[in-house]
Amino acid sequence: MWKQGHGDATAIIWEGNSPDEDKTFTYSELLAQVKRFANVLKAQGIRKGDRVCIYLQMVPELTIAMLACARIGAVHSVVFGAFSADSLRDRINDSECKLLITQDTAFRGDRSGIPMKANGDAAVAKCPSITGVIVVRRTGDSVDFDESRDVWWHEAMATADDECPPEEMDAEDPLFILYTSGSTGQPKGVLHTTGGYLVYTSFTHEIVFDYHEGDVYFCAADIGWITGHSYIVYGPLSNRAITLMFESIPTYPDFGRYWQVIDKHQVNLFYTAPTALRALMKEGNDWVTQHSRSTLRLLGTVGEPIKEPEWLWYYNIVGDGRCPIVDTWWQTETGGILMTPLPGATPLKPGSATLPFFGIEPVILDEEGKEVEGNPARGYLCIKTAWPGVMRTVYGNHERFRETYFDRFPGYYMTGDGTLRDEDGYYWITGRVDDVLNISGHRLGTAEVEGAIGQHETVAEAAVVGYPHEIKGQGIYAYVTLMSGVSPSDDIETGIKGVVRQYIGPHATPDKIQFAPALPQNPLRQNYAAHPSLVDGRK
Ligand code: WTA
């Protein structure tokens, strides 16, 4: 975080859930808070290398906590605020976090009282490594408070010392762990390190978004996912940018919220996901055009393939036909953007992430792992050489890292995506070729959802697949076989959805459940040998 000589410059604009609530932090103010909270962490016994779990919604304390961990060399593990207590518990236990940072309750759109602390309490009850819990007071709702373990953020900060020298770190020391879903088993703790990750996120942020001093940059992702880590927090703040943190949702209080925020804070650069564009596009253009958006200079998209209609809507309606779109393809594992147009320099094609970023060597492999030369070409998207932001390991399981990404095609990093390369050498990502779903840009493994469904007492077996969904991109379709003697009913269906919400979180709720008398063995498994997107062409 660069402050020297620029302490009065704005670092974070925080826009609250309600359009009446916002806050600004200069670089000096942010640094002061980070140092104080770093001392709070130290007072909790946290030292270099210790893991700290952060389970917060999009409150400023989230960024402060992450940077405070980085300052003392502690490794943060942020868990997206919609995850359930069970998911939180599993993530805390996998990396043996010592401390949990959470908030009382949360607002989200017109919902309030979202039970963050209560989920934290339920998780921590089964987390032997946790020695303390720090609680941000966001809503003022009353919550259970264990005096022997819990500490209020504001009370600890009030008495904390405001000097805290940064810990000296090796470039390869871990910076954070972020859990992401794979095709098998429990989510993996993707580990990113200090030097390479920061080089890669700051460089890509500057070049891809054409960031210039004073620009107001608004990435509408949640910091609970990699996009927020790299392009709300680390990339922008290491470039001394003005980064906007948004606590709410695009549809609250109405469908014009993004465009209202853009006018209110004079946003120049805007970055969001196709799922949000699809949801807003169907509500009509008036929600957009009633706001000026005249400060916008560039638009970005990430998280899933963007199709031509929403690309054109973004370009023509949101950007008034004058803002280039950067369709950025990358992954939790890659740390930062690997494929993207360079704004103003790369001719755009709606729906294509275009060309690799500097230093990135994508290749297309066939079934045998042979590079497919020439254009057009189609196959498995792999990367031939490493780059600074690549993940370094799966936390606690280096073997799983090797198996997942490097075993099937030795010598290459396997992305898990299929791609088409057209006659101009442009890449068109066709989506995952493994058992990973992309639901509204959120990554989920079919095995995780199947496991959660199996927790319902009536379920004998379940198989989950993705299907095309108008808004979410992909929806969750579950085939379920009940125990013998049990008949399907609405109650059972509701109950199954309930256990999925309980075991994973609301974002994993199946959209459709089909009861089937039996499932074929090795049910509906997509595999690398026969994936429809590689056979039928671009989705
Ligand atoms: C998909 C999100 C097409 C892809 C940064 C990838 C995309 C997965 C794009 C990673 C894009 C991401 N076009 N597909 N521009 N960006 N994806 O780890 O399938 O949450 O493998 O990282 O999202 O999701 P993750």
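Look a little higher up for the structure.
Computed from a predicted structure; not experimentally measured. Along each chain, residues carry numbers from 1 onward, in the same order as the chain's sequence is written. Restriction of local features to residues with pLDDT of at least 70 applies here, the model being predicted, together with a cutoff of 80 or more for giving and counting side-chain atom pairs; totals for whole chains, interfaces and linings are based on all residues. Values shown for side chains rest on all heavy atoms present in the structure; no hydrogens or waters enter the calculation.

S.K.: What is the right way to look at the pattern of salt bridges in this model?
M.R.: Side chains that differ in sign of charge can pair as their charged atoms come close. Only one rule defines a salt bridge in this text: a Lys or Arg side-chain nitrogen within 4 Å of an Asp or Glu carboxyl oxygen. Counted under the stated rule, the structure contains 32 salt bridges. The salt bridge involving E15 is made with R257; its shortest N-O contact spans 2.7 Å. Note that E15 is positioned in strand β1 (residues 10-15) and R257 in helix α8 (residues 257-264), a separation of 242 residues in sequence. For the pair E15 and R257, one class covers both residues: buried. Put simply, K384 and E371 hold a salt bridge, and the shortest N to O gap is 3.1 Å. A residue pair is termed long-range when its members are at least 10 positions apart, and K384 in the loop between β18 (377-383) and β19 (393-394) and E371 in the loop between β17 (362-365) and β18 qualify at 13 residues. Several salt bridges share partner residues, and in doing so they unite E15, D22, R257 and K264 into one network. Secondary structure counts use DSSP, requiring at least four H or I residues in a row for a helix and at least two E residues in a row for a strand, with both numbered from the N terminus. Relative accessibility under 20% of the residue-type maximum defines a buried residue, over 50% an exposed one, and the middle range a partly exposed one, all with a 1.4 Å probe and only protein chains included.

S.K.: Teacher, can you tell me more about the packing of helix α2 (residues 60-72) against helix α7 (residues 226-238) here?
M.R.: The relative placement of two packed helices is expressed as an angle between their axes plus a distance between the axes. Axis definition: a line fitted to C-alpha atoms, over the contacting stretch in the case of helices. Angles run 0 to 180 degrees between N-to-C directions. Relative to each other, α2 and α7 sit at 55°, their axes nearing to 12 Å. For the element pair α2 / α7, the angle class is oblique. Here α2 runs over α7; the crossing is right-handed. Within the contact between the two elements, α2 uses T63, M66, L67 and A70 and α7 uses H229, V233, Y234 and L237. By residue class, the composition of the contact of α2 with α7 is six nonpolar, two polar and no charged. Angle categories: roughly parallel below 35 degrees, roughly antiparallel above 145, roughly perpendicular from 65 to 115, and oblique for all the rest. A crossing counts as left-handed when the near helix is turned anticlockwise from the far one by less than a right angle, and as right-handed when that turn is clockwise. Any two residues having at least one pair of non-hydrogen atoms within 4.5 Å are treated as being in contact. Residues are grouped as follows: Ala, Val, Leu, Ile, Met, Phe, Trp, Tyr, Cys and Pro are nonpolar; Asp, Glu, Lys and Arg are charged; every other residue, Gly included, is polar.

S.K.: Hey, could you run me through the environment of W311 in this one?
M.R.: By the secondary structure assignment, W311 is in helix α11 (residues 308-318). Taking the C-alpha atoms as reference, W311 lies 16 Å from R297; in sequence the two are 14 residues apart. When sequence neighbours within four positions are dropped, the list of residues in contact with W311 reads I306, I325, L348, P350 and G351.

S.K.: Sorry if this is basic, but what is going on with the environment of A171 here?
M.R.: Position of A171 relative to the elements: it lies in the loop between α5 (153-159) and β10 (174-180). The class of A171 is partly exposed, set by a relative accessible area of 41%. Through-space distance from the C-alpha of A171 to that of T193 is 6.9 Å; in sequence the pair is 22 residues apart. Apart from the residues lying within four places of it in its own chain, the contact partners of A171 are T193, T194, G195 and G196.

S.K.: Help me out: how do you make sense of unusual backbone geometry in this one?
M.R.: A negative phi holds for most residues other than glycine; trans holds for most peptide bonds. Of note, the bond from Y252 into P253 is cis; its omega dihedral lies within 30 degrees of zero at -5°. When you line up the elements, P253 lands in the loop between β13 (242-246) and α8. Geometrically, the link from N375 to P376 is a cis peptide bond, its omega value of -5° lying close to zero. Examined against the element boundaries, P376 turns out to sit in the loop between β17 and β18.

S.K.: Even after reading the chapter, I still don't get α2, so can you show me in this structure?
M.R.: Each turn of an α-helix holds 3.6 residues, which means side chains three or four residues apart point in the same direction. Given a helix with a known number of residues, its expected span is that number minus one, times 1.5 Å. A rise of 1.5 Å per residue sets the reference length of α2, with its 13 residues, at 18 Å; its end C-alpha atoms lie 19 Å apart and thus fit the reference within 8%. Most of α2 sits inside the fold, with 12 of its 13 residues counted as buried. Residues P60, E61, L62, T63, I64, A65, M66, L67, A68, C69, R71 and I72 constitute the buried set of α2.

S.K.: I would appreciate a short explanation of the packing of helix α6 (residues 194-208) against α7 in the present structure.
M.R.: α7 packs onto α6 with a crossing angle of 90° between their chain directions and a minimal axis gap of 8 Å. Here α6 lies roughly perpendicular to α7, going by the angle between them. For the pair α6 and α7, contact is made by Y197, L198, T201, S202, T204 and H205 and by H229, S230, Y231, Y234, G235, P236 and S238, respectively.

S.K.: Is there a simple way to think about the pairing of β10 in this case?
M.R.: Both faces of the sheet carry side chains from a regular strand, because those side chains alternate between them. Across the seven residues that make up β10, a large majority, six, are buried. Note on pairing: two strands pair once DSSP finds at least 2 bridges between them. When strand β4 (residues 75-78) meets β10, the two strands line up parallel, connected through two bridges. The partner of H76 across the bridge, within β10, is F176. Of the strand pairs in this sheet, β10 and strand β11 (residues 188-193) are connected by six bridges, and their pairing is antiparallel. Residue P174 lies in a different strand from β11, and its bridge partner there is T193.

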